[in-house]
Amino acid sequence: TLNLEPCTLNLLYCTLHRLLYFRRHQNATFPPGHRGLGEHALVHESLAAGVAIARECARTYCGPWALAALALAIDDPGRSRVLLDEGERWLAEGCVSHNYLEFYRHAIEVSLRSGDWSLADRYADALDYYTSEERLPWADLVIGCGRTLARTGRSGSELPARADRDALLDDARR
């Protein structure tokens, strides 16, 4: 038998849970045999399990990202908003950097899907602020797409955003 100190056991336990979280997140995003298509029940089960793990011992490591991924996977705008609000509170407490990038990306998409254009803009602004000191082309594209789609949704017409869309496509090709 192993004779490990309590702190070593706790570290091992949390590490295993983090690995399990990433495995569940990977399966939910890309279920085996259904890359990119997903099976709705498997996606929800895997993401909910990932959120439970994050709440238990990996909150600052993957919590906001897990919450936003689950918010994106469910079809209830009210429940999605509750998950995003929880994720924002966790981000405000400080988290590992990838959480901010993935949380805001998913939050923009959730907001656009529910037709909450001002919320999509707010999340795009938050991602813009977070990356302002070190620009990331990927984040700039997410921000630009989010703002353009929110403007299109707000106006009800593609015409005002067509130039923005064309500029985003040009940037993406570079």
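Summarised in this report is the structure supplied together with it. (Residues numbered from 1 in each chain as written. Predicted model: local features only at pLDDT ≥ 70, side-chain atom pairs only at ≥ 80, totals over all residues. Heavy atoms only, no water.)

1. Section: the nonpolar core
Nonpolar side chains in soluble globular proteins tend to be buried together. Defined as follows: Here the nonpolar core consists of buried residues drawn from Ala, Val, Leu, Ile, Met, Phe, Trp, Tyr and Cys, with membership extended through side-chain atoms lying within 4.5 Å. When a residue's accessible area, from a 1.4 Å probe over protein chains only, is under 20% of the maximum for its type it is buried; when over 50% it is exposed; and in between it is partly exposed. In this description a helix means any DSSP run of H or I spanning at least four residues, a strand means any run of E spanning at least two, and both kinds are numbered starting from the N terminus. Contact criterion: two residues are considered in contact whenever any of their non-hydrogen atoms come within 4.5 Å of each other.
Of all hydrophobic cores here, the largest spans 37 residues; its most connected members are Leu-84, Phe-103, Tyr-104, Tyr-123 and Leu-127. When residues of this core are traced back to their parent elements, those giving at least two are α2 (40-57), α3 (59-73), α4 (77-93), α5 (97-113), α6 (117-130) and α7 (137-155). The element contributing the most residues to this core is α3, with 9 residues. The residues touching Leu-127, leaving out its near neighbours within four places in the chain, are Tyr-100, Leu-101, Tyr-104, Ala-139, Val-142 and Ile-143.

2. So, the side chain of Ser-111
Topologically, Ser-111 is positioned in helix α5. With near-sequence residues (within four places) excluded, Ser-111 lies in contact with Asp-116, Leu-119, Ala-120 and Tyr-123.

3. Quick notes on the pattern of salt bridges
How we decide: Whenever Lys or Arg places a side-chain nitrogen within 4 Å of a carboxyl oxygen from Asp or Glu, that contact is recorded as a salt bridge.
Applying the stated criterion to the full structure yields 11 salt bridges. Where Asp-116 meets Arg-81, a salt bridge forms, and the shortest distance between an N and an O atom there is 3.8 Å. Of this pair, Asp-116 sits in the loop between α5 and α6 while Arg-81 sits in helix α4, and the two are 35 residues apart along the sequence. Asp-116 gets classed as partly exposed once you look at its relative accessible area, which sits at 23%. With a relative accessible area of 34%, Arg-81 lands in the partly exposed category.

4. Some words on the packing of α5 against α6
So the rule is basically this: Each axis is a line fitted through C-alpha atoms, and for a helix only the stretch in contact is used; angles between axes span 0 to 180 degrees, taken between their N-to-C directions. In this scheme, roughly parallel covers angles under 35 degrees and roughly antiparallel covers those over 145, while 65 to 115 is roughly perpendicular and the rest are oblique. With the far helix as reference, a near helix turned anticlockwise by less than a right angle produces a left-handed crossing, and one turned clockwise produces a right-handed crossing. Only Asp, Glu, Lys and Arg are considered charged in this grouping, and only Ala, Val, Leu, Ile, Met, Phe, Trp, Tyr, Cys and Pro are considered nonpolar; every other residue, Gly among them, is considered polar.
In the contact formed by α5 and α6, the axes pass within 8 Å of each other and the chain directions differ by 160°. What the angle tells us is that α5 and α6 run roughly antiparallel. Seen from above, α5 lies across α6 with left-handed handedness. On α6, the residues touching Ser-97, Tyr-100, Leu-101, Phe-103, Tyr-104, Ala-107, Ile-108, Ser-111 and Leu-112 of α5 are Trp-117, Leu-119, Ala-120, Tyr-123, Ala-124, Ala-126, Leu-127 and Tyr-130. Residue composition of the contact of α5 with α6, grouped by class: 15 nonpolar, 2 polar and no charged.

5. Observations regarding the environment of Arg-59
For Arg-59, the position within the fold is in helix α3. When the C-alpha atoms of Arg-59 and Cys-95 are compared, they prove to be 7.9 Å apart, with 36 residues separating the residues in sequence.

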